[in-house]
Amino acid sequence: MSQALTQSEFNQQVAELISRHGAGAFAATAGNYPPYTLFVEDDTVIAEPASSPKHRYGAFCVLPLPFDEARLAEHITKWLNRGEAYTLYLSMNVCRYDG
């Protein structure tokens, strides 16, 4: 892949992963890691489990403090819809798509 996913493509795939695994699967407070992190392989966003050596290098939402399930789902949705997840994805892959 020589081009980054569009924000729409990225958001759609992440939303499907959140639906499948739950909002809490991709969020943790500062200094911690969630059960899954986000990676892009070819044109597909994948959920990298904590058992994977790549897990700690994936994208996830850093929470300012722990939230209950309802507030967490709202926070993750805003993180995705505001483009913060997409911006993080791009910043983590700038070398991959540059040039």
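Located above this text is the structure these notes cover.
Thresholds, definitions, all that
Residues numbered from 1 in each chain as written. Predicted model: local features only at pLDDT ≥ 70, side-chain atom pairs only at ≥ 80, totals over all residues. Heavy atoms only, no water. Helix = DSSP H or I, 4+ residues; strand = E, 2+ residues; numbered from the N terminus. Rg over C-alpha atoms; globule rule 2.2 N^0.38 Å. Contact = heavy atoms within 4.5 Å. Lys, Arg positive; Asp, Glu negative; His and termini not counted. Charge placed at Lys NZ, Arg CZ, Asp CG, Glu CD. Buried < 20%, exposed > 50% of the residue type's maximum accessible area, 1.4 Å probe, protein only. Polar contact = N/O pair within 3.5 Å; in protein donor to acceptor, adjacent residues only side chain to side chain. Expected span 1.5 Å × (residues − 1).

(A) Spatial organisation of the overall build of the protein. Summing up its helical and strand segments, the protein has four helices and four strands in all. Taken over the C-alpha trace, the protein has a radius of gyration of 13 Å; the compact-globule value for 99 residues is 13 Å, and the two agree within 12%. When its C-alpha atoms are laid out on the principal axes, the protein stretches across 40 × 30 × 25 Å. For the protein, restricting intrachain contacts to residue pairs at least 6 apart in sequence, the fraction spanning at least 24 positions comes to 56%. Counting 7 positive and 11 negative side-chain charges, the protein places the averaged centre of each group 6 Å from the other.

(B) Structural view of the side chain of His55. Counting through the fold element by element, His55 comes out in the loop between strand E3 (44–49) and strand E4 (61–63). His55 gets classed as buried once you look at its relative accessible area, which sits at 6%. A polar side-chain atom of His55 sits 2.8 Å from the main-chain carbonyl oxygen of Pro34. Dropping the residues within four chain positions of it, His55 is found in contact with Tyr33, Pro34, Pro35, Tyr36, Thr37, Phe39, Glu48, Pro49 and Ala50.

(C) Seen up close, helix H1 (residues 7–21). Compared with an ideal rise of 1.5 Å per residue, which puts 15 residues at 21 Å, H1 spans 21 Å between its outermost C-alpha atoms and is within 8% of the ideal. For H1, every residue scored as buried is listed here: Phe10, Asn11, Gln13, Val14, Leu17 and Ile18. Tucked into the core, H1 has its buried residues touching strand E2 (36–41), E3, helix H2 (69–81) and helix H3 (84–92). Just downstream of H1 lies Gly22, where phi reads positive at about 95°.

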